[in-house]
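Listed below, chain by chain, are the residues.
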Amino acid sequence: MKAIIDISSLKKDYYVGEVTVHALRGVDLKINQGEFVAIMGASGSGKSTMLNIIGCLDRPTEGTYILDGVNVAGMSRNERAAIRNLKIGFVFQSYNLLSRTSALENVELPLMYNSAVKAKERRERAVAALEAVGLADRMGHMPNQLSGGQQQRVAIARSLVNDPVVILADEATGNLDSRTSYEIMSLFQDLNSKGKTIVFVTHEPDIARCMTRSVVFRDGHIIREEEIRNRIVAGEVLEALPVEED
Amino acid sequence: MNIGNLLKVALNALKRNKMRSLLTMLGIIIGVASVITMLAIGQGSKKSIQDQIASMGSNMLFVMPSSMRTGGVQQGSASSQSLTVNDVSAIKTECDAVIAVSPEVRSSGQAVYGNSNWPTTIYGGNVDYLEIKSWKVVSGRNLSDNEAKGSAKVCLIGRTVADELFGEGIDPTGETIRFKNIPFKIIGVLEEKGQNSFGQDQDDVLIAPYTTVQKRILAQTHIQSIQMSARSAEESALAMEQVEEVLRRTHKLRENEDNDFQVRSQEELSTTMTSVTDILTILLGAIAGISLLVGGIGIMNIMYVSVTERTREIGLRMSLGGKSMDILLQFLIESIMLSVFGGIVGIMLGFAASQIVEALTSWPISVMWSSAILAFVVCTVIGIFFGWYPARRAAELDPIDALRYE
């Protein structure tokens, strides 16, 4: 199995005034292609720092990080921006869609920063991504005309449009009710079954049970790493949930 | 991000905040419009002075007697009798930069026709006098050479004098008027010139042969001044030198003696007058320029607000692969668009305002295309200058902090 993410003895220190905060104290983590990994932990455990480093938003103080065969640990700001553009898809808790900009244009955004993709191809790929998340009929809608779940689907389409090697989701169901959460998880499971590698930060154990493996952080260390048995199929949970009447 | 996408992104951002973009542009619009209008007013008055001077003959030169000492007593320049008709002939034959030369004698008095009378000035000159002074004859004819030399009692009449003596718009050619009790037959009417830049009515004149004025009215042999045309306005200076050389010789002045005459040119006068209006133009332009500067600061202010407000957007763009340069250019182009759009509207408004000022005040207005081009360039520079710092601030944001910004 090909390793998409290969992290070894990774450390990250922050300097706040004269105090040094050890956010990560030597982490080894390997994520293979096709995995759906839950990153869990209390706040301050280092999971956000981990996600920032995996997402090439931040660079480690020490250690190596090989993403899709490329060592990205020592890369400059601009090199990391290019890597993010080509290899990573982000899904945020608060969706982060551009307001007063149509769903289609929001999804096109990552490709705007890739000059190899021309306008026509950009449009086609954005349309395909929106179709893949089931929003073919909402392309021209503005974010404020969409429900939370639909907005998050637009965000997922945006993370898919550049065909990344890994999708990073940061509490992607945090703002959604449980029914919509399972809808979104069902979509993620669907993508995962088609071969997408997904790293998903969450603190909800039920949500984590939709994935293939969980990694638990505490105080800058990984304290537990396990395959998830009795995996939840989000679509089945959804059917079992009572439909709420308005 | 390529330039097409950058332009699209910037345009969308401005469209998302239409009202704010318009108000920000308003600062630039007013600034540019006032610069254009003020320069048009300044330039207009300069042009009108130049036109008036040209109407008196822009290549005109003249020699006046200057003050001189007689036996240790400094004489007033008007009392000097140093210029004569011989000087005129000498200039005519020797100065090749001078194409026309005429003596000038003048006398003030009452012109009388029937029971009307009017105080005016009679000028005496030769055949070339009209051409030198840029006079045109609208009715009748110019003086002839014989009349000029033979003290003929004929004259040309200015429009003001004709109006006062004969009535508005009447052509008095062929009539006879009296000036200081001497009858003058009117042989022509002069074209209207209007006021000169000193507010003097140029049409309040009679023009007669210099010999007539010299002998019959003034009873003198000297002349009051010599009027000349240089070959061109550019050759005025050369002509002045030649005239000075000739007159020093004909007046038999020694090396160490001062000139008993002075040579002046319309060109000099024109330069002096236009330098005043240049100062006026600079002053008006500078005041308007300040409002343009304030408009630029308005753009900077809005761009700072915009960067702060859109911190999360910046973070998002960075996380999706936007490089610092992409973010910098995005905001810089927004600011340039604001100032350039504002500039274009301002230029149009400035042109319109100039027309309105002209219509309301009847000041001479001259809109310069060069000021429109200048305003356009200045706007672009303002956009870059005032957009630079906010754009750099945006570009230097840390994507993690920007994404978390509330």
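Residues numbered from 1 in each chain as written. Chains lettered and ligands numbered in written order. Predicted model: local features only at pLDDT ≥ 70, side-chain atom pairs only at ≥ 80, totals over all residues. Heavy atoms only, no water.

Novice: Mind showing me how you'd approach the sheet that holds strand E5 (residues 70–71) of chain A here?
Specialist: In any sheet, the strands associate via hydrogen bonds between backbone groups, in a parallel or an antiparallel arrangement. Residues and elements named next belong to chain A. Sheet architecture is open: 4 strands sit in the order E2-E1-E4-E5, paired in antiparallel fashion. The open sheet has two free edges, formed respectively by strand E2 (19–32) and E5, since each of these has just one partner strand. Pairing geometry for strand E1 (residues 3–16) and strand E4 (residues 62–67), over 5 bridges, is antiparallel. Within E4, the position partnered with Lys11 by the bridge is Glu62. Those strands touched by helix H1 (residues 47–54) are E1, E2 and E4, and its axis lies near 120 degrees from that of E1. (Pairing = 2+ DSSP bridges. Helix = DSSP H or I, 4+ residues; strand = E, 2+ residues; numbered from the N terminus. Contact = heavy atoms within 4.5 Å. Axes fitted to C-alpha atoms, helices over the stretch in contact; angles between N-to-C directions.)

Novice: Explain the nonpolar core here, please?
Specialist: Ranked by size, the top nonpolar core spans 76 residues in total, and within it Ile5, Met50, Ile54, Tyr65, Leu67 and Val166 of chain A carry the most contacts. Among the elements that make up this core, the one with the highest residue count is helix H11 (residues 324–361) of chain B (9 residues). In contact with Met50 of chain A, other than residues within four places in its own chain, are Ile7, Leu10, Leu24, Val27, Leu29 and Phe217 of chain A. Formed by 45 residues, the second largest nonpolar core is a distinct cluster that contains Ala38, Met40, Leu111 and Ala172 of chain A. (Core = buried A, V, L, I, M, F, W, Y, C linked by side-chain atoms within 4.5 Å. Buried < 20%, exposed > 50% of the residue type's maximum accessible area, 1.4 Å probe, protein only.)

Novice: Would you explain the interface of chain B and chain A in this entry?
Specialist: Accessible area lost when the parts come together is the quantity often used to give the size of an interface. Each side of the interface is counted separately: chain B has 27 residues, and chain A has 25 residues. Surface buried jointly by chain B and chain A totals about 2400 Å² across both partners, of which 53% is contributed by carbon and sulfur atoms. Summed over the shared surface of chain B and chain A, the result is 0 salt bridges. Applying the counting criterion to the chain B and chain A interface returns 11 residue pairs in polar contact (both at pLDDT 80 or more). Counting only elements with at least two residues in the side of chain B that touches chain A, the list comes to helix H1 (3–16), helix H10 (311–319), H11 and helix H13 (399–404) of chain B. The greatest single-element share of the side of chain B that touches chain A, amounting to 6 residues, is contributed by H10 of chain B. In terms of residue class, the side of chain B that touches chain A is built from 11 nonpolar, 7 polar and 9 charged. (Buried area = accessible area lost by both parts, 1.4 Å probe. Salt bridge = Lys/Arg side-chain N within 4 Å of Asp/Glu carboxyl O. Polar contact = N/O pair within 3.5 Å; in protein donor to acceptor, adjacent residues only side chain to side chain. Nonpolar A, V, L, I, M, F, W, Y, C, P; charged D, E, K, R; others polar.)

Novice: What is the right way to look at the layout of surface pockets in this model?
Specialist: A water-sized probe, rolled over the atoms, reveals where empty space remains. When its volume is computed, the second largest pocket comes out at roughly 450 Å³. Surrounding the second largest pocket, 19 residues form its lining, Phe92, Gln93 and Asp170 of chain A together with Leu403 and Arg404 of chain B being those nearest its centre. Only H1, strand E6 (88–91) and strand E7 (166–170) of chain A together with H13 of chain B provide two or more residues apiece to the lining of the second largest pocket. For the lining of the second largest pocket, the residue count by class is 8 nonpolar, 6 polar and 5 charged. (1 Å grid on protein atoms, 1.4 Å probe; cavity = no way out; pocket = protein on both sides within 12 Å on 5 of 7 lines; lining within 4 Å. Points joined across faces, edges and corners; volume = space filled by probe spheres on them.)

That is the geometry; function is a separate question.
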